[in-house]
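Structural overview for review
These are the residues of each chain, in order.
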Amino acid sequence: MSVQESYKTLTGAITKSFQEKLSPSEAIDLLQSGHQRFVENTPLKRTRTSLLADAAQGQFPYAAVLGCIDSRVPVEQVFDAAIGELFVARVAGNTVNPDILGSLEYACKYAGSKAILVLGHTACGAIKGAWAGLEDGNLTGLLAQLKPAVETVRAIRSDEASIENIDETVAINVQMVCDRIRQESDILYGLESSGGIAIIGGVYNVSTGHITFLEEGEV
Ligand SMILES: [Zn+2]
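The residue numbering used here restarts from 1 in each chain and proceeds along that chain's sequence as written. This being a predicted model, a pLDDT of at least 70 is required before a residue's local features are given, and a value of 80 or more before pairs of side-chain atoms are given or counted; all residues contribute to the totals for chains, interfaces and linings.

**Focus: the overall build of the protein**
Threshold: Labels follow the DSSP assignment, with helices taken as runs of H or I lasting at least four residues and strands as runs of E lasting at least two, numbered in each case from the N terminus. Each radius of gyration is computed over the set of C-alpha atoms, and the globule rule expresses the reference value as 2.2 Å times the number of residues to the power 0.38. Exposed residues have 12 or fewer other C-beta atoms within 10 Å of their own C-beta, buried residues have 20 or more, and residues in between are partly exposed; the C-beta atoms are placed from the backbone. Think of it this way: build a C-beta for each residue from its backbone, and any pair within 7 Å is a contact.
Broken down by element type, the protein carries eleven helices and five strands. For the protein, the C-alpha radius of gyration of 18 Å lies close to 17 Å, the compact-globule estimate for 219 residues. By principal-axis analysis of the C-alpha atoms, the protein measures approximately 50 × 40 × 30 Å. Counting all 219 residues of the protein, 41% fall into the buried class. In the protein, of all internal contacts separated by at least 6 residues, the share reaching a separation of at least 24 is 73%.

**Overview of the packing of helix α6 (residues 98-110) against helix α11 (residues 186-193)**
Rules: To obtain an axis, a line is fitted to C-alpha atoms, over the contacting stretch when the element is a helix, and the angle between two such axes runs from 0 to 180 degrees between their N-to-C directions. With respect to orientation, any angle under 35 degrees is reported as roughly parallel, any angle over 145 as roughly antiparallel, any angle of 65 to 115 as roughly perpendicular, and every other angle as oblique. Note: crossing handedness is left-handed where the near helix turns anticlockwise from the far helix by less than a right angle, and right-handed where it turns clockwise. Under the grouping applied here, Gly and all other residues not named as nonpolar or charged are polar, the nonpolar ones being Ala, Val, Leu, Ile, Met, Phe, Trp, Tyr, Cys and Pro and the charged ones Asp, Glu, Lys and Arg.
Running from N to C, α6 and α11 cross one another at 40°; their axes reach a closest spacing of 9 Å. With respect to their mutual orientation, α6 and α11 come out oblique. Crossing geometry of α6 relative to α11 is assigned as left-handed. Here Leu 104, Glu 105, Cys 108 and Lys 109 of α6 come into contact with α11, specifically with Ile 187, Leu 188 and Leu 191. Tallied by class, residues from the contact of α6 with α11 come to five nonpolar, no polar and two charged.

**Some remarks on the nonpolar core**
As a reminder of what qualifies: What makes a nonpolar core is a set of buried Ala, Val, Leu, Ile, Met, Phe, Trp, Tyr and Cys residues, with links drawn between C-beta atoms within 7 Å.
If you look at the biggest cluster of nonpolar residues, it comprises 61 residues, and the most contacted ones within it are Ala 63, Ala 64, Leu 104, Ile 116 and Leu 117. Among the elements that line this core, the one with the most residues is helix α10 (residues 163-184), at nine residues. If near-sequence neighbours (up to four positions away) are discounted, Ile 116 is found in contact with Ala 64, Leu 66, Leu 104, Cys 108, Ile 181, Ile 197 and Ile 199.

**Describing helix α3 (residues 24-40)**
An α-helical turn contains 3.6 residues, so any two residues separated by three or four positions project in the same direction. Counted only if it meets this: Helix span, as expected, comes to 1.5 Å for every residue beyond the first. To be clear, the arc concerns the directions from the helix axis to the C-beta atoms.
In a regular helix each residue adds 1.5 Å, so 17 residues correspond to 24 Å; α3 covers 25 Å between its end C-alpha atoms and thus fits that length. Looking only at α3, the buried set comprises Pro 24, Ala 27, Leu 30, Leu 31, Gly 34 and His 35. Projected down its long axis, α3 shows its buried positions confined to an angular sector of 130°, all on one face. Taken together, the buried residues of α3 touch α1 (3-9), β1 (63-67), α5 (75-78), β3 (115-121), β4 (198-204) and β5 (211-214). Note on α3: the residue one or two positions beyond its end, Asn 41, has a positive phi of about 55°.

**Considerations on the environment of Ser 162**
Within the secondary structure, Ser 162 sits in the loop between α9 (147-156) and α10. When the C-alpha atoms of Ser 162 and Leu 146 are compared, they prove to be 17 Å apart, with 16 residues separating the residues in sequence.

**Quick notes on the environment of Val 39**
Counting through the fold element by element, Val 39 comes out in helix α3. Along the chain, Val 39 and Gly 102 lie 63 residues apart, while their C-alpha atoms are 32 Å from each other. Beyond its immediate stretch of four places on either side in the chain, Val 39 contacts Gly 209 and His 210.

**A look at the sheet that holds β5**
Rules: Should DSSP find at least two bridges between two strands, the strands are taken to pair.
Within the open sheet, the five strands sit side by side as β2-β1-β3-β4-β5. Their pairing is mixed. Sheet topology places β2 (86-90) and β5 at the edges, where each strand pairs with a single neighbour. Each strand axis lies, on average, 25° off the axis of its neighbour in the sheet, ignoring direction. Where β1 and β2 come together, five bridges link them in parallel fashion. The partner of Leu 66 across the bridge, within β2, is Ala 89. Against the sheet, α6 engages β1, β2 and β3, with an angle of about 165° to β1.

**A short note on the environment of Ile 156**
If you trace the backbone, Ile 156 turns up in helix α9. Considering only alpha carbons, one finds Ile 156 and Lys 16, 140 residues apart in sequence, at a separation of 46 Å.

Below is the structure:
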């Protein structure tokens, strides 16, 4: 039975044996097929009581998603993911810091997730704030994390905070965050290098509800 078939036969939460058998590319397939169900508005029917009862015994999420706090990108919903299926870390601009990296390290090394998806989104307010040079309270330090992507787009495109430049910055930031995960986490870099996990990026379009998954180096 394929992973997709066996996933669809689950009556409750994901089991330890299901997670253990999963490869990184199969975990990405699950993210993509879950997103396809969201796009087609054909969510899987699940029994809440079974999900709760199973997940209370332990969690075996297939992937971890690093998303923005934006209210238009409800992460579990856009992957049609049930209780116990995804670790989700959210911070404005879906950037990394030691706490986020530690959370992702826990998700993959200690809780067995097979993929990390860095999920940006179009029209990101944090990226707009970084373009505008907003400085205020704790936002100053947070938005500074997004500046390298802004500077890259300024250099290769133009100095205008246009919709196109904002969305290009979103995609470049996602790629930069994927690289920072590798550079700043020996644990996650090691897991990726040994084939234990995959690290990929994606951009959710808040107008269409579609995710474009980014290939390595494609921005
Ligand atoms: Zn955002």
